[in-house]
There are 2 protein chains.
Amino acid sequence: MRKVKVGIVQQQISNDVQENMNLLKKNIEQCSAQGAELVVLQELHNTLYFCQAENPTNFDLAERIPGPSTDFYSQIAKEQKIVLVTSLFEKRAEGLYHNTAVVFDFDGTIVGKYRKMHIPDDPAYYEKFYFTPGDLGFSPIKTSLGVLGVLVCWDQWYPEAARLMALQGAEMLIYPTAIGWESSDTEEEKLRQLNAWQTIQQSHAVANGIPVISVNRVGWEEDSSHQTAGIQFWGNSFVAGPQGEILAKANNKEPENLIVEVDLSRSEQVRRWWPFLRDRRIDFYNGLDKRFLD
Amino acid sequence: MRKVKVGIVQQQISNDVQENMNLLKKNIEQCSAQGAELVVLQELHNTLYFCQAENPTNFDLAERIPGPSTDFYSQIAKEQKIVLVTSLFEKRAEGLYHNTAVVFDFDGTIVGKYRKMHIPDDPAYYEKFYFTPGDLGFSPIKTSLGVLGVLVCWDQWYPEAARLMALQGAEMLIYPTAIGWESSDTEEEKLRQLNAWQTIQQSHAVANGIPVISVNRVGWEEDSSHQTAGIQFWGNSFVAGPQGEILAKANNKEPENLIVEVDLSRSEQVRRWWPFLRDRRIDFYNGLDKRFLD
């Protein structure tokens, strides 16, 4: 048995960055007190989801890595002796910014970072304005608890990303995310969107025979440009086992911490019965790195 | 609007091939009478699932394509003026056999075939003994109703197969399949397997923004080698829309025909809102045609 206690922090965010960080610290400590060894935060947890509008002033929210935020979370990881997955707005150079996940080990050291590779851009999610697509590729991060396939939000729709992580030995897939409903959509459409989001991430567990951890923000946030009625982030953070089975799921309205035990030794058992990696037709996969095969 | 009425035939099979074919004919006609323009049959629908044991005599069940079975189904397609997706045990040469889907157009002509690419082999599913892995690759089949991404059973676990079909313009994914429960598994395990099977196929709809049609056999079949207690094929044939939403689903115990209207024009709408194809990081997907990245 190789059990890992996972803590996930689903949070509602205010426009006071320091208050958000203090609240996150309190929640991480609470997870740790309940035995969590690995704690995962949602996407861009320090701030409101500023991508609802294109505003150059928002680049002031970005910081260097390492920088003040990594110092802050490093200290927490060290104090609590946990592996901690964070999601930050990275200032790499003047005019060059990334959406970057940073992972800390038990001793507070940065053991790896992942720059979001797939960048969305659709009404109310203007991320292509803010984030340069990652140039680090899909590389799992080695920690004291195992090898983590850390991806971010829009990456979750791409089976290619999950597969590349698994082929490099990732033992878990981790998605900090920020997704929600537009108020004008029908209830049926909202349900289809939520189900699609959960289904595609469960499917990465199934296809690769490894657990998936997805942490989403929650609560309503205003569109500062007032072009839309804002986003109701839908929570529903969850942990799935290596057959895609839901082990635990948070609610869709309120902040919530979840503590979930994941047995990493089950993955090999699942892969022995369903040996998908054995049968991949790599001799016929050569079109996958093309835009379209027309 | 581009609506297609799909008929799916979920069948229990006996050891009398002629009886099976007559029953399938009756069911196809029934679907057609209810307006179905596209009818999909389950995997290896003419016979029992003979792969439960490795027995060279079973190769007698294979036939040439074209051959008696394609003549039979061609005639039905022509009479009913439908597009028909069948699944046959192909004898390509002495000692060379495939698991092959054959598609007929309104006029009864064979418009394409697909040789199963991913071949499973696990206790009670000894397919590697019977089926040479396909060498036609992943090529969608053009029909009067649209471009069909026909895949077979074990292919359903591979996002790569679905993606390659979509990149070549497939407007629907179609999976004839034969999967069931081993009697010694717990109820929890059975449910995990069924959900994983449904989830991974729904995810192909989500990832590619196109509908998925999956037709499974149903009912218990004996293991002729008596090594196991046989397979309870779990039915649950279904049709999902381009967000992975279930449009219709058959029961898990009995033969059943389903008639489902699929609106192909919805796919473009879904892809406009969730433009996943736009953002694929093809500049970093080059490891996908490797066995493992170690």
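Note that the structure is a prediction, hence the values are computed from the model and not measured.

A. A look at the interface of chain B and chain A. Listed by partner, the interface residues are 57 residues for chain B and 57 residues for chain A. When the two sides are added together, the surface that chain B and chain A hide from each other amounts to roughly 5400 Å², 64% of it contributed by carbon and sulfur. Across the pair Arg 163 of chain B and Glu 160 of chain A runs a salt bridge whose closest N-O atoms are separated by 2.7 Å. Where chain B touches chain A, the interface holds 31 residue pairs in polar contact (both at pLDDT 80 or more). Taken together, the elements giving at least two residues each to the side of chain B that touches chain A come down to helix 4 (159-167), helix 5 (187-208) and helix 6 (265-273) of chain B. In terms of residue count, the dominant contributor to the side of chain B that touches chain A is helix 5 of chain B (10 residues).

B. A look at the confidence of the model for chain A. Confidence in the prediction for chain A averages 97 pLDDT; 100% of positions are at 70 or higher. Taken over the whole predicted complex, pTM reads 0.98, whereas the ipTM for its chain interfaces reads 0.97.

C. Seen up close, the relation of the copies chain B and chain A. When chain B is fitted onto chain A, the two copies agree to an RMSD of 0.0 Å after a turn of 180 degrees and an axial shift of 0.0 Å. Taken together, the rotation and translation describe the operation of a two-fold axis. With an isologous cut-off of 70% or more, the 100% of interface residues of chain B that recur at the interface of chain A puts this contact in the isologous class.

D. Structural view of the pattern of salt bridges. All names here are of chain B. For the coordinates displayed, the defined rule picks out 40 salt bridges over all chains. One salt bridge in this structure joins Arg 92 and Asp 135, with 2.9 Å as the shortest N-O distance. Pair noted here: Arg 92 is in strand 3 (residues 83-93) and Asp 135 is in the loop between helix 3 (127-130) and strand 6 (141-143), with a separation of 43 residues, a long-range link. Classification of Arg 92 by relative accessible area gives partly exposed; the value is 31%. Residue Asp 135 is classed as partly exposed on the basis of its relative accessible area, which comes to 37%. The partner of Asp 283 in a salt bridge is Arg 281, and the shortest N-O contact between them spans 3.0 Å. On the basis of relative accessibility, which here comes to 10%, the residue Arg 281 falls in the buried class.

E. Examining the sheet that holds strand 2 (residues 38-41) of chain A more closely. Residue and element names in this part refer to chain A. Taken in spatial order, the six strands of this open sheet run 5-4-3-2-1-15, and their pairing is mixed. Taken across any chain shown, the strands that pair with only one partner, and hence form the sheet edges, are strand 5 (110-115) and strand 15 (256-263). Here the average twist between neighbouring strands, direction ignored, is 30 degrees. Where strand 4 (residues 96-104) meets strand 5, five bridges bridge the pair, whose relative direction is antiparallel. Note on strand 5: the bridge partner recorded for Phe 104 is Ile 110. Relative to the sheet, helix 2 (residues 68-80) contacts strand 2, strand 3 (83-93), strand 4 and strand 5, its axis offset from that of strand 3 by approximately 165 degrees.

F. Spatial organisation of the packing of helix 1 (residues 17-33) of chain B against helix 2 (residues 68-80) of chain B. Residues and elements named next belong to chain B. As a packed pair, helix 1 and helix 2 sit with axes 10 Å apart at the nearest point and diverge in direction by 20 degrees. Considered as vectors, helix 1 and helix 2 are oriented roughly parallel to each other. Relative to helix 2, the crossing made by helix 1 is right-handed. Contact residues: helix 1 offers Met 21, Asn 22, Leu 24, Lys 25, Ile 28, Glu 29 and Ser 32, while helix 2 offers Ser 69, Phe 72, Tyr 73, Ile 76, Glu 79 and Gln 80. Within the contact of helix 1 with helix 2, the residues separate by chemical class into six nonpolar, four polar and three charged.

G. Region of the structure containing the environment of Thr 199 of chain B. Relative to the elements of secondary structure, Thr 199 of chain B occurs in helix 5. With relative accessibility at 9%, the residue Thr 199 of chain B sits in the buried group. For Thr 199 of chain B, the contacting residues outside a window of four places in its chain are Thr 199, Gln 202 and Ser 203 of chain A.

H. Broad picture of the pairing of strand 2 of chain A. All names here are of chain A. Side-chain alternation along strand 2 places Leu 38 and Val 40 on one buried face and Val 39 and Leu 41 on a second face that is also buried. Judged from the four bridges that link them, strand 1 (residues 3-10) and strand 2 form a sheet pairing that is parallel. The partner of Val 9 across the bridge, within strand 2, is Leu 41. With helix 1 (residues 17-33) bridging strand 1 and the parallel strand 2, this β-α-β connection has right-handed handedness. Inspection of the sheet shows strand 2 paired to strand 3 by three bridges, in the parallel sense. Looking across to strand 3, one finds that Val 40 is bridged to Val 85.

I. Representation of the environment of Ala 161 of chain A within the structure. Residue and element names in this part refer to chain A. Looking at where Ala 161 falls in the secondary structure, it is placed in helix 4 (residues 159-167). Spatially, the C-alpha atoms of Ala 161 and Met 117 are 8.8 Å apart, while their sequence positions differ by 44 residues. The contact partners of Ala 161, leaving out residues within four places of it in the chain, are His 118, Phe 138, Leu 151 and Asp 155.

J. Seen up close, the sheet that holds strand 8 (residues 172-177) of chain A. Residues and elements named next belong to chain A. Spatially, the six strands line up as an open sheet ordered 6-7-8-10-13-14, and their pairing is mixed. Looking at which strands have only one partner, the edges of the open sheet turn out to be strand 6 (141-143) and strand 14 (246-249). Strand-to-strand twist of the sheet, defined as the mean angle between neighbouring strand axes without regard to direction, takes the value 20 degrees. Across three bridges, strand 13 (residues 238-240) lies against strand 14 in antiparallel orientation. Bridged to Phe 238 within strand 14 is Lys 249. Of the strands in this sheet, strand 8, strand 10 (212-216), strand 13 and strand 14 touch helix 5 (residues 187-208), which is tilted by about 155 degrees from strand 10.

Conventions used here
Residues numbered from 1 in each chain as written. Chains lettered and ligands numbered in written order. Predicted model: local features only at pLDDT ≥ 70, side-chain atom pairs only at ≥ 80, totals over all residues. Heavy atoms only, no water. Contact = heavy atoms within 4.5 Å. Buried area = accessible area lost by both parts, 1.4 Å probe. Salt bridge = Lys/Arg side-chain N within 4 Å of Asp/Glu carboxyl O. Polar contact = N/O pair within 3.5 Å; in protein donor to acceptor, adjacent residues only side chain to side chain. Helix = DSSP H or I, 4+ residues; strand = E, 2+ residues; numbered from the N terminus. pLDDT = per-residue confidence, 0-100. Least-squares fit on C-alpha atoms with pLDDT ≥ 70 in both. Buried < 20%, exposed > 50% of the residue type's maximum accessible area, 1.4 Å probe, protein only. Pairing = 2+ DSSP bridges. Axes fitted to C-alpha atoms, helices over the stretch in contact; angles between N-to-C directions. Parallel < 35°, antiparallel > 145°, perpendicular 65-115°, else oblique. Left-handed = near helix turned anticlockwise from the far one by under 90°. Nonpolar A, V, L, I, M, F, W, Y, C, P; charged D, E, K, R; others polar. Right-handed = clockwise from strand over helix to strand, strands pointing away.

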